4 protein chains.
Amino acid sequence: MNSFGRLFRVELFGESHGPALGCLVDGCPCGLPLAAEDFEADLARRRAGASGTTPRREADLPELASGVYEGRTSGAPLCVLFRNGDARSGDYELFARVPRPGHADFTASAKYRGFNDPRGSGHFSGRLTLPLVAAGVVAKKLLPALRFETRLVEAGGREDAAAAIAEAAAAGDSVGGLVEIRVEGLGAGLGEPFFDSLEGLVAHAAFAVPGVRGIEFGDGFRAAAMRGSEHNDRFVGAYGLTATNHAGGVNGGISNGSPLVLRVAMKPTSTIAASQATFDLASGAMTELSAPGRHDACIALRGAVALEAAVAVALADLSLIARSQEGSA
Amino acid sequence: MNSFGRLFRVELFGESHGPALGCLVDGCPCGLPLAAEDFEADLARRRAGASGTTPRREADLPELASGVYEGRTSGAPLCVLFRNGDARSGDYELFARVPRPGHADFTASAKYRGFNDPRGSGHFSGRLTLPLVAAGVVAKKLLPALRFETRLVEAGGREDAAAAIAEAAAAGDSVGGLVEIRVEGLGAGLGEPFFDSLEGLVAHAAFAVPGVRGIEFGDGFRAAAMRGSEHNDRFVGAYGLTATNHAGGVNGGISNGSPLVLRVAMKPTSTIAASQATFDLASGAMTELSAPGRHDACIALRGAVALEAAVAVALADLSLIARSQEGSA
Amino acid sequence: MNSFGRLFRVELFGESHGPALGCLVDGCPCGLPLAAEDFEADLARRRAGASGTTPRREADLPELASGVYEGRTSGAPLCVLFRNGDARSGDYELFARVPRPGHADFTASAKYRGFNDPRGSGHFSGRLTLPLVAAGVVAKKLLPALRFETRLVEAGGREDAAAAIAEAAAAGDSVGGLVEIRVEGLGAGLGEPFFDSLEGLVAHAAFAVPGVRGIEFGDGFRAAAMRGSEHNDRFVGAYGLTATNHAGGVNGGISNGSPLVLRVAMKPTSTIAASQATFDLASGAMTELSAPGRHDACIALRGAVALEAAVAVALADLSLIARSQEGSA
Amino acid sequence: MNSFGRLFRVELFGESHGPALGCLVDGCPCGLPLAAEDFEADLARRRAGASGTTPRREADLPELASGVYEGRTSGAPLCVLFRNGDARSGDYELFARVPRPGHADFTASAKYRGFNDPRGSGHFSGRLTLPLVAAGVVAKKLLPALRFETRLVEAGGREDAAAAIAEAAAAGDSVGGLVEIRVEGLGAGLGEPFFDSLEGLVAHAAFAVPGVRGIEFGDGFRAAAMRGSEHNDRFVGAYGLTATNHAGGVNGGISNGSPLVLRVAMKPTSTIAASQATFDLASGAMTELSAPGRHDACIALRGAVALEAAVAVALADLSLIARSQEGSA
């Protein structure tokens, strides 16, 4: 089960060392301008995010395999494909037998009874954020009025994130990060009460990015320590204008016209050089594992643009749903 | 759009001052023992949660309107109905015209162009957590091996939550709270990679509870400040046993056999006695609003059992999905 | 699993002899005028359809339990409830033990391992078409430009359906019927290629009516015997005007602007007075069963309005989906 | 919207003359043996079906682009890709301007406002049955106990289908056909009451095959002319054994253990050599169109294996749903 959305529907597929990976976007309206070049900016942001350490070289050339005709979406399902080049699987064969602490190696093996592809973490690879970013590009095409501002606000608890990452990398360790996303231009009325709340759908999508451990909107966890007289956004003008934005742009699950503001906590990369206790899946024997290879020291770096994509996908779906309800009476 | 789940599907309906409210649970397997009395314990927890101030008197007698035969689920859609007694709508008529800061009054009016039922907040009332709690009772019947432990760990940022709530209530104000939920007994293998991750589905469901502003799993936001060497849960025995539980029971979106641990931040009640700036929806004129009535001072009190229900609903669905994938090869 | 629709979503619940039955309609846009009286015409058509024999007396008063405020849909989930009066279950207790040939008694018992409610056929009762007809009324409110024309064109293979039914009833037997539905006013563009074709969704919904054995569009089964030169509808004017309508209003899964024309075959009522061979579910012993009670001689009579409702529900969903895709580029 | 299934979910993508086409199958359990060779038999049946006339040469080599590892399904989304070779689009450019009577040319243009890919009918091409057949192969792997028997029972109303097709082809015309599918090995209990009835889901899937005009189960349309005493299948043994199978294996939407028997009517190919009246989409001027090219004279020939695939997909989904409901009480 790897799809998201009711109308604007995204499905991710592929494995890190398999033939290809991609996204299938169904329900995208026809007529949107779309070309391979449109993906370049966000794919470059994702590549730049790999600078914590030296990552695997990825060509990342998207192929618009279906759903686009003469530079515009055709209304048919849109498949964006990425081919995998030659990859060295050897590094990872070990992890199929000896699960990395903190990683999906063990849970994937338990869930799929050993049938999962373990090469390069298989379907669980961070490389799957590549087609997610691509889906986000399509979503943002559908939402031209929105402005996304996404940044890594902290790593390792420090605002000087670059230094924190460099130190962790130097120590053969990794570090977590905090990403903030701000979306301007949403009108009031997006989202549904209860199960399809704006926050619920955005959170659902955001947790698709590997390594996410928490999400908060507006004042978020700080709101749990506040009083109503502090937290409520007073109206300062008719039709919903407020001076503050403690709510992060959502009341009752529905956008209120203020910017959507959310923060996402990403854990430190689980693959590290330090030796860690683990066990052999086949024999059950305890062992130690060290992964000195090329891994991102801070997945929040690459994660930021993937989170933005996930948010965009959720907003695209909510926006089509809202459109379907208009103009009846 | 007010439903949740792929196999165990829950839909909530009703308004605070309408004829009735309830939940419809579809996809619940047949043969589970279920009687009206089974709802009493959780409904009582929800009532007790109202002790911040004196709430509206609710009889809360569930009617098993369909789907149960001779004390067991029949396999047919299960409807649990609650009748609304006489309610004083007068208090709320004002809010239809003059939206409360922080509340859904404005967004509901914007979304539904004034056609929404404003009496007692209509479909946006906290009273809708009543059928959500009922759905959770059904979900927990399906998951007899699980043990849920849910508590309000803080209010107003203080562990002495009761005092914080009493002080806020005395001041005519409200206060936020932090709820922790711990679920023991989940095996390894629940949840899917990417969009249907365990965290994604649980978060999606949890945000259905009004007032939720954030959710985190395991170390949560603290993980953003940690290093991998601190955060990774080393294995201390074969087949996934770990001594620590930084991950909160989930790796790669899939349960790992350790307890699921999550925390939810709930904002302070938006309806307070203090005068707040707002405007008149009809005329656009600015005005002041004070709501001295009977409102919960801390929605996290009632919210805790509703959150537990939301988590149970998500786990029930994941559990049926997992069952469908077993035994093929 | 008893729901239908992606945006305009309908779920049916209840049992023939349980406390209540109803439909829950989610995703209905706000602002549609709707009152209990609006259901009367279609419910009366359904009652009249019972004239094959003397049916159980049904009050059939719909309660708008949620989703309607001051005579208009509020945008919240809409629940229409019907209370069951006192019913004599005795007649049916036998069928729980001794399944009627042709009926769901055996399959329901096999599927639900005996936990299903057998009283009056429980959830499998034709009485469930009551809330389906109610859902159709709501759907038709959303589609004010459409004109539905539904009629029983044959019973027992004869155009004089009334006589065929009367003869079957007099013989303690039952008879099948053929229903034709014609919908005018659909524009071109409704439906999707492949899985969400207009025919696919309409057929899916139509088979929800108990007793349906087949469905065809336009020339239908006759098309299998035709040549292309006969079957193709030549264009006689620009923008899709055709003189013939062999296609029944659909090409490539998408409405073409001509009237939608479909025919549905309904089987004869399975409960008949004649003695039929069956067996005892508990002991496995063979036995004979005769059901001399009050049963419709031709379910197509009542089925016609239920089929119209099912078609309307599918069209309402497709119409909201089409709306969501408009105006992008 | 081009996906089908709740648990075993299939999505088709691609265009006739685009870079690639394929299917994405999500929710397929892990551990099923699957290799490119497994597709050969059904793909060959589809190719052979093209013998009505000389079709475009298709290599039809499936690439297992994701979801398979070491010859078994891995539990991750499974993508089967087919590359399009060099195709002559010229033939079809005309149809983008001048719609073929009976074809999707006009409705696609109306729905997608001219943004659809018209080359070789684009996404509406019968070539999309290629990935549908591939999805069926995967579904049948999941259902090893089932035996499918699919045959073209009539073309042009004649049992000597080959002659009817040859005559139509010789006349530059096309002819419709009737396909019967029989599935043995389904146990009792598959399918749900009302909206997810076995017939409803199978019909929904079957109408995804281009050119389907009707579907019937068991006695089908003949049942509309029968009496209950003729149509009911008497039990001849305990636990549901019957001597006859008028019901085609389904009662009350649920399989009864007898073979599933259904028949599907397919219309004649709409692209024919004879001159037909049509119009120019751009200018609105009336014109004549003749398509002397290489087209199947009877789409039911290729359609048969595609229909079998569609049925298999629906049964795979129902089978996983049934599995999820087992073993609760």
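Just so it is clear, the structure is predicted and the values come from calculations on it, not from any experiment.

## Brief notes about the overall build of chain A
Moving on, step 1. Per the secondary structure count, chain A includes 8 helices and 15 strands.
Moving on, step 2. Taking 329 residues into account, the globule formula puts the C-alpha radius of gyration at 20 Å, and chain A, at 21 Å, falls close to it.
Moving on, step 3. Principal-axis analysis of the C-alpha atoms gives chain A an extent of 65 × 55 × 35 Å.
Moving on, step 4. Sorting the 329 residues of chain A into buried and exposed places 68% on the buried side.
Moving on, step 5. Considering only contacts within chain A whose residues lie at least 6 apart along the sequence, 71% involve residues at least 24 apart.
Moving on, step 6. On chain A, roughly 9,800 Å² of surface is accessible, and the fraction owed to carbon and sulfur atoms is 51%.

## Some remarks on the environment of C:I165
Residues and elements named next belong to chain C.
Moving on, step 1. Along the chain, I165 turns up in helix α5 (residues 161–170).
Moving on, step 2. The class for I165 is buried, based on a relative accessible area of 6%.
Moving on, step 3. Here the alpha-carbon distance between I165 and V179, two residues 14 residues apart in the chain, equals 14 Å.

## Re the relation of the copies chain D and chain C
Moving on, step 1. When chain D is fitted to chain C, the best match, at an RMSD of 0.0 Å, comes from turning it 180 degrees and sliding it 0.0 Å along the axis. Interpreted geometrically, this transformation is the action of a two-fold axis.
Moving on, step 2. Looking at the interface residues of chain D, 100% of them are also at the interface in chain C, so both copies use one shared face.

## Observations concerning the interface of chain B and chain A
Quite often, the size of an interface is put as the accessible area lost when its parts meet.
Moving on, step 1. With 112 residues of chain B at the interface, the matching set in chain A holds 112 residues.
Moving on, step 2. Interface area for chain B against chain A, summed over the two sides, is near 8,500 Å², with a carbon-plus-sulfur share of 63%.
Moving on, step 3. At the surface where chain B touches chain A, the tally comes to 4 salt bridges.
Moving on, step 4. Among the ionic pairs, A:E192 bridges to B:K111, the shortest N-O distance being 3.3 Å.
Moving on, step 5. Seen at the junction of chain B and chain A, the total is 40 residue pairs in polar contact (both at pLDDT 80 or more).
Moving on, step 6. When its residues are assigned to classes, the side of chain B that touches chain A shows 56 nonpolar, 40 polar and 16 charged.
Moving on, step 7. In this sheet, strand β10 (residues 212–217) of chain B lies alongside strand β10 (residues 212–217) of chain A in antiparallel orientation, the contact comprising 3 bridges. Bridging from a neighbouring strand, A:I215 pairs with B:I215 of β10(B).

## Comments concerning the interface of chain D and chain C
Moving on, step 1. In this complex, chain D contributes 111 residues to the contact, which on the side of chain C involves 111 residues.
Moving on, step 2. Between chain D and chain C, a total of about 8,500 Å² is buried, with carbon and sulfur atoms accounting for 63% of that surface.
Moving on, step 3. In this structure, C:E199 and D:R213 form a salt bridge, with 2.3 Å as the shortest nitrogen-oxygen distance.
Moving on, step 4. Counting across the interface, chain D meets chain C through 40 residue pairs in polar contact (both at pLDDT 80 or more).

## Describing the relation of the copies chain B and chain A
Moving on, step 1. Mapping chain B onto chain A calls for a rotation angle of 180 degrees and an axial translation of 0.0 Å; the resulting RMSD is 0.0 Å.
Moving on, step 2. Mapped onto chain A, 100% of the interface residues of chain B are again interface residues, and the two copies thus contact each other with one and the same surface.

## Focus: the sheet that holds strand β7 (residues 78–83) of chain A
Residue and element names in this part refer to chain A.
Moving on, step 1. Taken together, the 5 strands give an open sheet; going across it, the order is β1-β2-β3-β7-β4, and neighbouring strands pair in antiparallel fashion. Single-partner strands in this sheet number two, and they are β1 (3–4) and β4 (63–66).
Moving on, step 2. Two elements, strand β2 (residues 9–14) and strand β3 (residues 20–26), share 6 bridges in a ladder whose sense is antiparallel. Counterpart to L12 in the pairing with β3 is C23.
Moving on, step 3. Relative to the sheet, helix α4 (residues 129–142) contacts β2, β3 and β7, its axis offset from that of β3 by approximately 30 degrees.

## Comments concerning the packing of aromatic side chains
Moving on, step 1. Applying the stated criterion across every chain, the model contains 30 aromatic pairs over all chains.
Moving on, step 2. Geometrically, the ring pair formed by A:F217 and B:F207 is edge-to-face, given 5.4 Å between the ring centres and 90 degrees between the ring planes. Here A:F217, found in strand β10, pairs with B:F207, found in the loop between α6 (198–206) and β10, and the two come from separate chains.
Moving on, step 3. Its relative accessible area of 4% is what places B:F207 among the buried residues.
Moving on, step 4. What links up through ring pairs into an aromatic cluster is the set A:F106, A:F279, B:F235 and B:Y239.
Moving on, step 5. Geometry around C:F148 places C:K140 over its ring, the cationic atom sitting 5.6 Å from the centre.
Moving on, step 6. Against the face of D:Y112 rests D:K111, its NZ or CZ located 5.8 Å from the ring centre.

## Considerations on the environment of A:F124
Moving on, step 1. If you trace the backbone, A:F124 turns up in the loop between α3 (105–111) and α4.
Moving on, step 2. Residues A:F124 and A:A285 lie 161 residues apart in sequence; the distance between their C-alpha atoms is 25 Å.

## Quick notes on the nonpolar core
Grouped burial of nonpolar side chains is what soluble globular proteins tend to show.
Moving on, step 1. Among the nonpolar cores identified, the biggest contains 323 residues, and A:L315, B:L315, C:L315 and D:L315 are the most heavily contacted of them.
Moving on, step 2. Setting aside anything within four residues of it in sequence, one finds A:L315 in contact with A:L143, A:L146, A:F148, A:V183, A:L186, A:L190, A:L198, A:V202 and A:L260.

## With respect to the sheet that holds strand β8 (residues 147–155) of chain D
Moving on, step 1. Reading across the sheet, the 8 strands line up as β8(C)-β9(C)-β13(C)-β10(C)-β10(D)-β13(D)-β9(D)-β8(D) and stay open at both edges, with antiparallel pairing between neighbours. For this open sheet the edge positions go to β8 (147–155) of chain C together with β8 of chain D, each flanked by a neighbour on one side alone. Strand-to-strand twist across the sheet, computed as the mean angle between neighbouring axes with direction ignored, equals 15 degrees.

## Points about helix α1 (residues 40–48) of chain D
Moving on, step 1. Of all the positions in α1(D), only D:D42, D:L43 and D:R46 are classed as buried. In an axial view of α1(D), the angular spread of the buried residues amounts to 100 degrees, which keeps them on one side of the axis.

## Here's the deal with the pattern of salt bridges
Moving on, step 1. A full pass over the atoms with the stated rule returns 96 salt bridges over all chains.
Moving on, step 2. Residue C:D280 is joined to C:R97 by a salt bridge in which the shortest nitrogen-to-oxygen separation is 3.0 Å. With C:D280 in the loop between β14 (276–279) and β15 (286–289) and C:R97 in helix α2 (residues 90–97), this residue pair connects regions lying 183 residues apart in the sequence.
Moving on, step 3. We classify C:D280 as buried; its relative accessible area is 12%.
Moving on, step 4. Judged by relative accessible area, which is 43%, C:R97 ranks as partly exposed.
Moving on, step 5. Each of A:R151, A:E180, A:E216, A:R222 and A:R263 takes part in salt bridges that share partners, so that together they form one network.

## Let's talk about the pairing of strand β3 (residues 20–26) of chain C
Across a regular strand the side chains alternate sides, sitting on one face of the sheet and then on the other.
Residues and elements named next belong to chain C.
Moving on, step 1. The buried fraction of β3 is high, at 7 of 7 residues.
Moving on, step 2. Side chains A20, G22, L24 and D26 project from β3 onto one buried face, and the interleaved L21, C23 and V25 project onto a second face that is buried too.
Moving on, step 3. Hairpin remark: strand β2 (residues 9–14) followed by β3, antiparallel, with 5 residues in the connecting loop.
Moving on, step 4. Summarising the sheet, β3 and strand β7 (residues 78–83) pair through 6 bridges and their orientation is antiparallel. Bridging from a neighbouring strand, L24 pairs with C79 of β7.

Reading the values: rules and limits
- Residues numbered from 1 in each chain as written.
- Chains lettered and ligands numbered in written order.
- Predicted model: local features only at pLDDT ≥ 70, side-chain atom pairs only at ≥ 80, totals over all residues.
- Heavy atoms only, no water.
- Helix = DSSP H or I, 4+ residues; strand = E, 2+ residues; numbered from the N terminus.
- Rg over C-alpha atoms; globule rule 2.2 N^0.38 Å.
- Buried < 20%, exposed > 50% of the residue type's maximum accessible area, 1.4 Å probe, protein only.
- Contact = heavy atoms within 4.5 Å.
- Areas by Shrake-Rupley, 256 points an atom, 1.4 Å probe, with all protein chains shown as cover.
- Least-squares fit on C-alpha atoms with pLDDT ≥ 70 in both.
- Buried area = accessible area lost by both parts, 1.4 Å probe.
- Salt bridge = Lys/Arg side-chain N within 4 Å of Asp/Glu carboxyl O.
- Polar contact = N/O pair within 3.5 Å; in protein donor to acceptor, adjacent residues only side chain to side chain.
- Nonpolar A, V, L, I, M, F, W, Y, C, P; charged D, E, K, R; others polar.
- Pairing = 2+ DSSP bridges.
- Axes fitted to C-alpha atoms, helices over the stretch in contact; angles between N-to-C directions.
- Phe/Tyr/Trp six-rings, centres within 6.5 Å; stacked < 30°, edge-to-face > 60°.
- Lys NZ or Arg CZ within 6 Å of the ring centre and 35° of its normal.
- Core = buried A, V, L, I, M, F, W, Y, C linked by side-chain atoms within 4.5 Å.
- Arc of directions from axis to C-beta.

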